[in-house]
Amino acid sequence: AQFVAAISTARERCWIATPYFVPDDPLNLALKSAALRGVDVRILVPLPRNNDSRLVSWAASSYYDECLDAGCRIYEFLPGMLHAKYILVDHTLAAIGSANMDVRSFYINYEVTAMLYDRGVTDQLAEVFTGYLSRALEIKREGRRNLPLYQRLGESFARTLSPLL
């Protein structure tokens, strides 16, 4: 609930680093709405082959098209598994903790997240984030247009399991 509220109030930016991106409906809507109103929404996840769960990667990528269509920017971290878990909203809020952007973290697991309202911390984390982006591949809509059928089917199947992942 805090993540959705924070994203819903964003005016300039909403940058997310997470190993698992399988948003529930409220989070998905908040991200797309933010992008549609001109907020710089960037989502950083690990490259699928570096993720420790192929099913979670396919579920995550099933959300890419609609997020990209709304104006979100999505990046896949190339060097290895990305373990960073934080959100930056504008220059005023940094949420850092153990929660991934997935249903299990929001509703099942006992996750801890610190909400920091400090421009200095937010700006420092933004520098770390941009450093990650320099080692990431930006996913473009054009690159997803001709995905093989097996990948589309895999993504669709994994998405049906999203509430369990």
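Before reading further, recall that the structure is shown in the block above.
Below you will find a few notes about this structure. Note that the structure is a prediction, hence the values are computed from the model and not measured.

**A closer look at the packing of helix H1 (residues 2–9) against helix H2 (residues 25–36)**
Where H1 contacts H2, the two axes come as close as 9 Å, and the packing angle between them is 10°. Taken together, the axis directions place H1 and H2 in an arrangement best described as roughly parallel. The chirality of how H1 crosses H2 is left-handed. Each of Val4, Ile7 and Ser8 in H1 lies in contact with H2, whose residues at this interface are Pro26, Leu27, Ala30, Leu31 and Ala34. Residue composition of the contact of H1 with H2, grouped by class: seven nonpolar, one polar and no charged.

**Regarding the pairing of strand S6 (residues 93–97)**
In this structure, strand S5 (residues 86–89) lies alongside S6, joined through four bridges in antiparallel fashion. Bridge pairing in S6 links Val89 to Leu93. A loop of three residues connects S5 with S6, the two strands running antiparallel in sequence, and Asp90 in this loop sits at a positive phi of about 50°. Bridge count between S6 and strand S8 (residues 113–116): four bridges; the pairing is antiparallel. Bridge pairing in S8 links Gly97 to Thr113.

**Overview of the packing of aromatic side chains**
Applying the stated criterion to the full structure yields four aromatic pairs. Note on Phe77 and Tyr132: the rings are 5.3 Å apart at their centroids and 75° apart in plane angle, and the pair reads as edge-to-face. One end of the pair, Phe77, is in strand S4 (residues 73–77); the other, Tyr132, is in helix H6 (residues 119–133), with 55 residues separating them in the sequence. Accessibility expressed as a relative area gives 6% for Phe77, which makes it buried. Geometrically, the ring pair formed by Tyr86 and Phe129 is edge-to-face, given 6.4 Å between the ring centres and 70° between the ring planes. With a gap of 43 residues between them, Tyr86 in strand S5 and Phe129 in helix H6 connect regions that are remote in the sequence. Owing to a relative accessible area of 6%, Tyr86 belongs among the buried residues under this scheme. Ring-pair connections join several aromatic residues into one group, and the members of that group are Trp15, Tyr86 and Phe129. Arg13 extends its terminal NZ or CZ atom over the ring of Trp15, reaching a point 4.8 Å from the ring centre.

Parameters at a glance
Residues numbered from 1 in each chain as written. Predicted model: local features only at pLDDT ≥ 70, side-chain atom pairs only at ≥ 80, totals over all residues. Heavy atoms only, no water. Axes fitted to C-alpha atoms, helices over the stretch in contact; angles between N-to-C directions. Helix = DSSP H or I, 4+ residues; strand = E, 2+ residues; numbered from the N terminus. Parallel < 35°, antiparallel > 145°, perpendicular 65-115°, else oblique. Left-handed = near helix turned anticlockwise from the far one by under 90°. Contact = heavy atoms within 4.5 Å. Nonpolar A, V, L, I, M, F, W, Y, C, P; charged D, E, K, R; others polar. Pairing = 2+ DSSP bridges. Phe/Tyr/Trp six-rings, centres within 6.5 Å; stacked < 30°, edge-to-face > 60°. Buried < 20%, exposed > 50% of the residue type's maximum accessible area, 1.4 Å probe, protein only. Lys NZ or Arg CZ within 6 Å of the ring centre and 35° of its normal.

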